[in-house]
Amino acid sequence: MDAREALQQLEREHQALLQFVYLAPVGLVQVRSDGEIVMVNPTAAQLLMPLSRDGTLDNLFTALREVAPDLQDLLDTGTPASGVVCDGRQLPVQIGQGTRSEARLLSFSLIRIDTEHCMVLLQDVTEQVRREHRLRQQEAWLGAILSGVTDYALVTLDPGGGVVEWNDSIQRISGFSPEAVHGQTLALFYPPDSITPERVLDHLREADQSGCSLDEGWRARADGTRYWGSMLITPLRPAGGGRTADAAYCLILRDLSDHRDTAVEVRQAAVCDYLTGIHNRRAFFEAAERETRRVKQRPRPLSVVLFDADHFKRINDSLGHPAGDAVLCHIASTLRASFREVDVVARIGGEEFAVLLPSTDLQGAHTVAERFCRKLAASPASTAAGEVVCTVSAGIATMADCGGDLNTLMQRADQALYAAKAAGRNRVCGLAPELPDESLASP
Ligand SMILES: Nc1nc2c(ncn2[C@@H]2O[C@H](COP(=O)(O)OP(=O)(O)OP(=O)(O)O)[C@@H](O)[C@H]2O)c(=O)[nH]1
């Protein structure tokens with residue numbers, strides 16, 4: 001490369017450097033040691049101009065006199081011949097006037113290049129400082145909550161509902177040691193059989209879609225005892241959206257046993273059958289509609305069994321209404337004891353019961369319904385009029401045959417129940433969609 005080419009190369013590099021200085025998103029100012037501004041890029045001009053009293057930007061020390069009166073002294077005394085004079089000093093400035101005046105925070109760095117020249121870096125760090133402040137405040141609040149709350153347990157869940165982190169209250173509320181909780185899913189806090197793996201994911205999806213998922217009901221402690229609790233799940237979204245790799249949800253578990261106030265009791269009364277204490281018709285259909293929606297969102301088996309007491313009128317007529325009531329209570333408690341906790345067991349009419357079986361296909365429903373019929377027939381009800389043997393007929397239907405329609409599901413179960421009665425009672429019937437008559441009947 002000859003001298004001319006070298007010069008051209010140098011010129012190009014100089015132009016590139018100038019271009020960088022002008023386009024840089026930070027304010028850059030070249031000043032002489034007396035503060036005279038030699039060069040100022042657009043970002044710096046934008047930040048400094050509102051500080052200028054007379055609308056000119058000739059001298060940096062004059063422009064910053066009110067917010068940093070010591071700058072000149074700082075440069076004059078005790079600074080090295082070259083190097084950093086001050087780094088990231090925060091200058092509170094007031095931009096604008098009157099009601100439109102706004103407090104901003106500038107970060108100011110001064111670097112001495114040689115005895116004559118200095119470079120200044122300026123940045124508006126108002127938002128960044130506010131964010132850091134908010135973050136510190138949130139950390140302080142969270143710290144206070146985590147160490148202060150006694151009747152809440154806070155748990156962090158991974159995207160699959162697995163427990164990642166927890167606060168100390170977990171042991172106090174659930175009785176589970178941290179070691180026992182680690183690696184488990186939130187199903188650990190429910191009584192056995194009262195939540196399916198699909199339902200765990202439903203809660204997480206609901207939290208994603210609606211911002212939170214709240215589930216109130218019976219929870220289980222490590223020693224098997226139960227407590228009435230609430231579980232609130234909210235997604236943890238890092239600033240800027242997206243998801244963190246491991247911590248995806250925050251779960252707040254609360255023991256409401258001491259708060260079983262009227263509101264809770266009223267809520268429970270609204271969903272319970274007054275005679276038998278199991279779910280009532282309204283609760284059954286609310287749960288069935290909820291489950292139908294879930295099935296539509298994420299296909300999975302769902303079945304229903306309708307039970308109807310056999311020749312119940314005879315019991316009433318021969319032994320009296322109170323004995324009939326006792327038999328209904330016996331059927332209800334036997335139902336409750338025979339099905340999983342996640343199954344919704346309800347009395348939906350006088351002597352008619354329904355059980356909703358999430359994640360259960362027709363064959364599974366048939367097996368459990370039949371088992372129940374046998375169990376009931378073998379366990380007489382104790383009534384004031386003596387022991388009474390009672391049986392039920394059952395009709396089963398599954399959602400896979402009903403195109404996701406709850407009415408169709410209930411109608412098919414009803415038809416199957418009718419078939420079971422017609423076939424002699426004390427039996428289970430299911431109607432396969434392609435067959436007009438009873439198919440899964442069992443004597
Ligand atoms: N004790 C009592 N009886 C009830 C209650 N609700 C409905 N019943 C009675 O249940 C009986 C139902 O009779 P039916 O519908 O004829 O049916 P069934 O005698 O069970 O005969 P099948 O269903 O054909 O086997 C009626 O006598 C109702 O009065 C209740 O809460 N308590």
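That block above? That's the structure.
About the cut-offs
- Residues numbered from 1 in each chain as written.
- Predicted model: local features only at pLDDT ≥ 70, side-chain atom pairs only at ≥ 80, totals over all residues.
- Heavy atoms only, no water.
- Helix = DSSP H or I, 4+ residues; strand = E, 2+ residues; numbered from the N terminus.
- Buried < 20%, exposed > 50% of the residue type's maximum accessible area, 1.4 Å probe, protein only.
- Lys, Arg positive; Asp, Glu negative; His and termini not counted.
- Salt bridge = Lys/Arg side-chain N within 4 Å of Asp/Glu carboxyl O.
- Polar contact = N/O pair within 3.5 Å; in protein donor to acceptor, adjacent residues only side chain to side chain.
- Phe/Tyr/Trp six-rings, centres within 6.5 Å; stacked < 30°, edge-to-face > 60°.
- Lys NZ or Arg CZ within 6 Å of the ring centre and 35° of its normal.
- Pairing = 2+ DSSP bridges.
- Axes fitted to C-alpha atoms, helices over the stretch in contact; angles between N-to-C directions.
- Core = buried A, V, L, I, M, F, W, Y, C linked by side-chain atoms within 4.5 Å.
- Contact = heavy atoms within 4.5 Å.
- Expected span 1.5 Å × (residues − 1).
- Arc of directions from axis to C-beta.
- Near = heavy atom within 4 Å.
- Areas by Shrake-Rupley, 256 points an atom, 1.4 Å probe, with all protein chains shown as cover.
- Nonpolar A, V, L, I, M, F, W, Y, C, P; charged D, E, K, R; others polar.

Before going further, it helps to spend a moment on the side chain of R112. With respect to the element layout, R112 can be found in strand β4 (residues 102-112). There is no salt bridge for the buried R112, and the closest opposite charge comes from D76, which lies 5.5 Å off by N-O distance. Within the local environment of R112, its side chain forms a polar contact with the backbone oxygen of L75, the two atoms lying 2.7 Å apart.

It is worth spelling out the packing of aromatic side chains at this point. Across all of its chains, the model carries six aromatic pairs by this definition. Ring-pair connections join several aromatic residues into one group, and the members of that group are F307, F339 and F372. For the cation-ring pair, R219 lies above Y190, with the distance from its terminal atom to the ring centre recorded as 4.2 Å.

For the rest of this paragraph, the subject is the sheet that holds strand β16 (residues 392-398). In space, the five strands of this open sheet follow the order β12-β13-β11-β16-β17, with mixed pairing throughout. Of all the strands in the sheet, just β12 (344-347) and β17 (428-430) have a single pairing partner and so form its edges. In this sheet, neighbouring strand axes are inclined to one another by 20° on average, regardless of whether the strands run parallel or antiparallel. As judged from the four bridges shared by β12 and strand β13 (residues 352-358), these two strands associate in the antiparallel manner. Each residue of the ladder has a partner; that of A346, found in β13, is A354.

Residues F307, I331, L335 and F339 are the most contacted members of the largest nonpolar core, which totals 30 residues. Put simply, the parts of the chain that give this core at least two residues each are β11 (302-309), α11 (312-319), α12 (321-338), β13, α13 (362-377) and β16. Top contributing element to this core by residue count: α13, with seven residues. If sequence neighbours within four positions are ignored, F307 has contacts with L335, F339, E351, E352, F353, V355, A369, F372, C373, V392, S393 and A394. A63, A68, L75 and V120 belong to the second-largest nonpolar core, a separate cluster that totals 25 residues.

Before going further, it helps to spend a moment on helix α1 (residues 3-23). For α1, spanning 21 residues, the distance from its first C-alpha to its last is 30 Å, which sits close to the expected 30 Å at 1.5 Å a residue. In this structure D2 caps α1, since a side-chain oxygen of it lies 3.2 Å from the backbone nitrogen of R4.

As a further point, take helix α10 (residues 281-297). For α10, built from 17 residues, the straight-helix expectation of 24 Å at 1.5 Å per residue is met to within 8% by its first-to-last C-alpha distance of 24 Å. For α10, the complete set of buried residues consists of A283, F284, A287, A288, E291, T292, R294 and V295. Projection of α10 onto a plane perpendicular to its axis shows the buried side chains occupying an angular sector of 165°, all on one side. Exposed and oriented more than 90 degrees from the buried face of α10 are R282, R293 and K296. Capping the start of α10 is the job of one residue whose side-chain oxygen sits 3.3 Å from the backbone nitrogen of R282: N280.

Time to look at the site of the ligand. As a structural note, the neighbourhood of the ligand is formed by 16 residues, with H311, F312, D325, R347 and R425 the closest of them. Here F312 contributes a backbone N or O atom positioned 2.7 Å from an oxygen atom of the ligand. In the model, an oxygen atom of the ligand is placed 2.8 Å from a nitrogen or oxygen of the R425 side chain. Protein contacts shield 68% of the accessible area of the ligand, which totals 670 Å² for the unbound molecule. At the level of elements, β11, α11 and α12 are the ones that each hand at least two residues to the shell around the ligand. If one sorts the elements of the shell around the ligand by residue count, α12 sits on top with four residues. The residue makeup of the shell around the ligand, split by class, is three nonpolar, five polar and eight charged.

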